[in-house]
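Residue-level listing of the chains:
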Amino acid sequence: MRCPYCGSLDDKVIESRTMANGETIRRRRECSSCGYRFTSYERIEEKPFMVIKRDNSREPFDPVKLERGIHRALEKRPVSTNTIENLVAEIEDTAIMKGKASREISTTELGELVLSKLNEIDKVAYIRFASVYKHFENLDEFINEVNKLGEVKSE
């Protein structure tokens, strides 16, 4: 490792410590040339989990974006913050497990996951999310989706 003070490549590790639940190693080093002590960090570099959008472009999975959409759907609904956090974590875990082999998931699969979870928790939030996700063009599509919820309940 190059010394940040003198630029020498000759150093020795004085101390190593595991940090962040074993995901990072912190090393204290000393330059053999000038004696300057510095710290380096070592961690595994993972390929990011990607989302395949409808136009086939890809972007990194963003749990904040997922949470924002779910919060909007559940706005002013009687659902606790803890429930929302658990819901987001559950959807994120399921999405990562579904896309484990390829390290990616389509927005269609992700949207369906969100819809199924919202359907279990709050029907109004389900309809709110579905209206945006499914791009309802008119009132008839909205009414059809509400009627589907009623059909499921009456079975």
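A few points on the structure.

Reading the values: rules and limits
- Residues numbered from 1 in each chain as written.
- Predicted model: local features only at pLDDT ≥ 70, side-chain atom pairs only at ≥ 80, totals over all residues.
- Heavy atoms only, no water.
- Pairing = 2+ DSSP bridges.
- Helix = DSSP H or I, 4+ residues; strand = E, 2+ residues; numbered from the N terminus.
- Axes fitted to C-alpha atoms, helices over the stretch in contact; angles between N-to-C directions.
- Core = buried A, V, L, I, M, F, W, Y, C linked by side-chain atoms within 4.5 Å.
- Buried < 20%, exposed > 50% of the residue type's maximum accessible area, 1.4 Å probe, protein only.
- Contact = heavy atoms within 4.5 Å.

**Considerations on the sheet that holds strand β3 (residues 37–43)**
Note on sheets: strands pair through backbone hydrogen bonds, and any given pair is parallel or antiparallel.
Move 1: Pairing within the open sheet is antiparallel, and its three strands lie in the order β1-β2-β3. Since the sheet does not close on itself, it has two edges, and those belong to β1 (11–19) and β3, each with one partner. On average, each strand axis in the sheet is tilted by 25° relative to the strand beside it, whichever way the strands run.
Move 2: Note that β1 and strand β2 (residues 24–31) share eight bridges and pair antiparallel. Each bridged residue has a counterpart across the sheet, and for E15 the counterpart in β2 is R28.

**As for the nonpolar core**
Move 1: Ranked by size, the top nonpolar core spans 27 residues in total, and within it I70, L74, I91 and L118 carry the most contacts.
Move 2: Taken together, the elements giving at least two residues each to this core come down to α1 (63–73), α2 (81–98), α3 (107–121) and α4 (123–133).
Move 3: With six residues, the top contributor of residues to this core is α4.
Move 4: For L74, the contacting residues outside a window of four places in its chain are V79, I84, L87, L118, D122, A125 and R128.

**A few points about the environment of E141**
Move 1: Residue position: E141 is located in helix α5 (residues 139–154).
Move 2: Given the relative accessible area of 30%, E141 is considered partly exposed.
Move 3: Remark: the alpha-carbon pair of E141 and S131, spanning 10 residues in sequence, is separated by 8.7 Å.
Move 4: Not counting residues up to four positions away in its chain, the partners in contact with E141 are H135 and F136.

**Some words on the sheet that holds strand β6 (residues 104–106)**
Move 1: One open sheet accounts for three strands, arranged β5-β4-β6; its pairing is mixed. Here the strands that pair on one side only, and so sit at the sheet edges, are β5 (58–60) and β6. Within the sheet, the average angular offset between the axes of one strand and its neighbour, ignoring direction, is 30°.
Move 2: Of the strand pairs in this sheet, strand β4 (residues 50–52) and β6 are connected by three bridges, and their pairing is parallel. Bridge assignment links I52 to a residue of β6, and that residue is S106.
Move 3: Running at roughly 75° to β6, α3 makes contact with β4 and β6 of the sheet.

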